[in-house]
Amino acid sequence: MEDVRRKAPHYLSDFKDGANLKGVAATFFLFFACLAPAVAFGGLMGKLTEGNIGTMEMLLATAYNGMAYALFAGQPLTIIGSTGPVLAFTLVLYRTAQNLALPFLPLYSWVGIWTSFILFVSSITSLSNMVNYFTRFTDEIFSLLISLIFLYEAVKDLSSFFLNPSVGFAKALLSLVVAFTTFNTGIALAGLRRGKVLTKGIRDTIADFAPTIGVLAGCFLTVLAKTHKGEVLPTLLIPDTFTTSLGRPWLVNIWQLPVWARWAAFIPALMSSVLLFMDQNITVRLVNSPAHKIKKGYGLHLDMFVVSILTFVNSLFGLPWLVAATVRSLNHVRACARFGTTQEGEVVIEGMQENRMTGLAIHSLIGFAILSCRPLLGQVPLAVLMGLFLYLGKSSLGGNQMWERLKLLITDPAQRPKAAWAQKVPYKVSAAFTALQFACLGGMWALKSSSIGVLFPLLIAALAPIRVGIERVGWFSKKDLEVLDSEDE
């Protein structure tokens, strides 16, 4: 209730503050940024579950969950969506159902029902306060991991065009050109913020629409290639009709599952609860970073309450479970931010346009698109979305000190930034701290890609004790850690 009381005075202003040109720019950008992963994850989930949960289920969940979260959550700047660990867990659950000769969707529903109950209990008992034990050490590792996943997947998909014998070299090369046209257009126009051409207002407006202009540039190039050279690139795979992937009824018959299995579903629900709990809270913590200049407060427990209700409903209808998505959330934050330039020429966040309107508009557009514009969506080239993935991954690296410290390893000492972590901490200490973080990141990457990837959230949870341990064993002095692991910029 405390979260509700904190957010209630700002509820109406949350809609007014998003009704402007910056809000329009954020909406169009995040429309594509949320649509692309939903289609990608939906297609992969459909393949792994043999169509039980596919693209249409993912798109529907993305649309209505996103609208509900924007309306009722404590931190509406957060964007929810599917994540890799959730996908891995769903695959494990599907294989378990096959091994036990149980119907998958009823088992999935019961695990989801138990999960939603556990998350509901955690929301009303303020269990999300555990996030206070996390520090920048954990935030940076988790954020960089998700950014690198986006970049890796984009590069892997673009490379697959060259490795696929059925795709000619000319088409593969064109896909690469289209992707980098989308990416470079967005990066170049976003960089106008620190330029001197035109007025600041015009530069900021162009920068706000940079990723959308990049998408349009990539689509325009694709049309030119098709018109003049006859080259047709692969496009989004959007279902032709608005129905479930297997044509089943939307509502799952949960009573098909034997009674013993309904109770036994509580065991895997414990793991899925940890997974959703960790994904949700770490991402929301990143969104609420002091660097983002959040003024209206936040509501960790209200966020978790909303996620628990959405998980319950999604489980009944056989829809994927969605939680806070790191890269999409951080890009939404940056899209709603007001930027300024320091005397050193560094672009920094000066204020935040905290609102519910953009999140509501983004997911309303996705809902409208899957209901009325499926043929049009089916014409968007995959290469354009790969370019947007590169942009999302690159943009979310901004402000990550772990990434900045990595670049410091190859930076001229005379050109080091003026920040405290670069000036007040000995170079060797900074390098050792960064190496430790990358060792943790490497372990998480290896676990994520292994057959036991479902244990991924447990390693995330272990980062907090690791951080406490390195101070207690004296690997780093308390003075250095106060700078390197400070919440301040």
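Residues numbered from 1 in each chain as written. Predicted model: local features only at pLDDT ≥ 70, side-chain atom pairs only at ≥ 80, totals over all residues. Heavy atoms only, no water.

Broken down by element type, the protein chain carries 22 helices and 4 strands. Expressed as lengths along the three principal axes of its C-alpha atoms, the size of the protein chain is roughly 65 × 65 × 50 Å. Within the protein chain, buried positions represent 53% of all 489 residues. Within the structure as shown, the protein chain displays about 21300 Å² of accessible surface, and the carbon and sulfur contribution to it stands at 67%. Mean positive and mean negative side-chain charge positions of the protein chain (40 and 29 charges, respectively) differ by 2 Å. (Helix = DSSP H or I, 4+ residues; strand = E, 2+ residues; numbered from the N terminus. Buried < 20%, exposed > 50% of the residue type's maximum accessible area, 1.4 Å probe, protein only. Areas by Shrake-Rupley, 256 points an atom, 1.4 Å probe, with all protein chains shown as cover. Lys, Arg positive; Asp, Glu negative; His and termini not counted. Charge placed at Lys NZ, Arg CZ, Asp CG, Glu CD.)

For the rest of this paragraph, the subject is the pattern of salt bridges. Per the counting criterion, the structure on display carries 7 salt bridges. One salt bridge connects arginine 248 with glutamate 57, and the closest N-O pair in it is separated by 3.9 Å. Of the two residues, arginine 248 sits in the loop between helix 10 (210-229) and helix 11 (259-264) while glutamate 57 sits in helix 4 (residues 55-72), which places them 191 residues apart along the sequence. The residue glutamate 153 makes a salt bridge to lysine 156 at a minimum N-O spacing of 3.3 Å. One end of the pair is glutamate 153 and the other is lysine 156, both in helix 7 (residues 136-163) and 3 residues apart, which spans about a single turn. Look at lysine 156 and you get partly exposed, because its relative accessible area is 39%. Here the residues in one salt-bridge network are Arg136, Glu140 and Arg405, joined through shared partners. (Salt bridge = Lys/Arg side-chain N within 4 Å of Asp/Glu carboxyl O.)

Attention shifts here to the packing of helix 7 against helix 18 (residues 401-408). The contact between helix 7 and helix 18 brings their axes to 8 Å, and the two run at 80 degrees. On the basis of the axis angle, helix 7 is roughly perpendicular to helix 18. Across the interface between the two elements, Arg136, Glu140, Ile141 and Leu144 from helix 7 touch Gln401, Met402, Trp403 and Arg405 from helix 18. In the contact of helix 7 with helix 18, the residues fall into 4 nonpolar, 1 polar and 3 charged. (Axes fitted to C-alpha atoms, helices over the stretch in contact; angles between N-to-C directions. Parallel < 35°, antiparallel > 145°, perpendicular 65-115°, else oblique. Contact = heavy atoms within 4.5 Å. Nonpolar A, V, L, I, M, F, W, Y, C, P; charged D, E, K, R; others polar.)

What follows deals with the packing of aromatic side chains. One pass over the full model with this rule turns up 18 aromatic pairs. When the centroid spacing of 4.5 Å and the interplanar angle of 10 degrees are considered together, the rings of tyrosine 108 and tryptophan 321 count as stacked. Of this pair, tyrosine 108 sits in helix 6 (residues 104-124) while tryptophan 321 is found in the loop between helix 13 (300-316) and strand 2 (323-324), placing the two residues 213 residues apart along the sequence. Both residues of the pair, tyrosine 108 and tryptophan 321, count as buried. Between phenylalanine 242 and tryptophan 250 the ring centres are 5.7 Å apart and the planes differ by 35 degrees, which places this aromatic pair in the tilted class. In textbook terms, an aromatic cluster arises when at least three aromatic residues are bridged by ring pairs, as seen for Phe89, Tyr94, Phe104, Tyr108 and Trp321. (Phe/Tyr/Trp six-rings, centres within 6.5 Å; stacked < 30°, edge-to-face > 60°.)

At a minimum axis separation of 7 Å, helix 3 (residues 21-48) and helix 4 run at an interaxial angle of 145 degrees. Crossing hand, helix 3 versus helix 4: right-handed. Facing helix 3, whose interface residues are Leu35, Ala38, Val39, Phe41, Gly42, Gly43 and Met45, helix 4 presents Thr55, Met58, Leu59 and Thr62. Of the residues in the contact of helix 3 with helix 4, the class split is 7 nonpolar, 4 polar and no charged. (Left-handed = near helix turned anticlockwise from the far one by under 90°.)

Our focus in this paragraph is helix 20 (residues 427-448). The terminal C-alpha atoms of helix 20, which comprises 22 residues, lie 31 Å apart, in line with the 32 Å expected from a rise of 1.5 Å per residue. Residues of helix 20 that are buried include every one of Ser430, Phe433, Thr434, Leu436, Gln437, Cys440, Leu441, Met444 and Leu447, and no others. Within helix 20, the buried residues cover an arc of 150 degrees as seen down the axis, which keeps them to one side. Pointing more than 90 degrees away from the buried face of helix 20 are the exposed residues Lys428 and Ala439. (Expected span 1.5 Å × (residues − 1). Arc of directions from axis to C-beta.)

These figures capture arrangement, not role.
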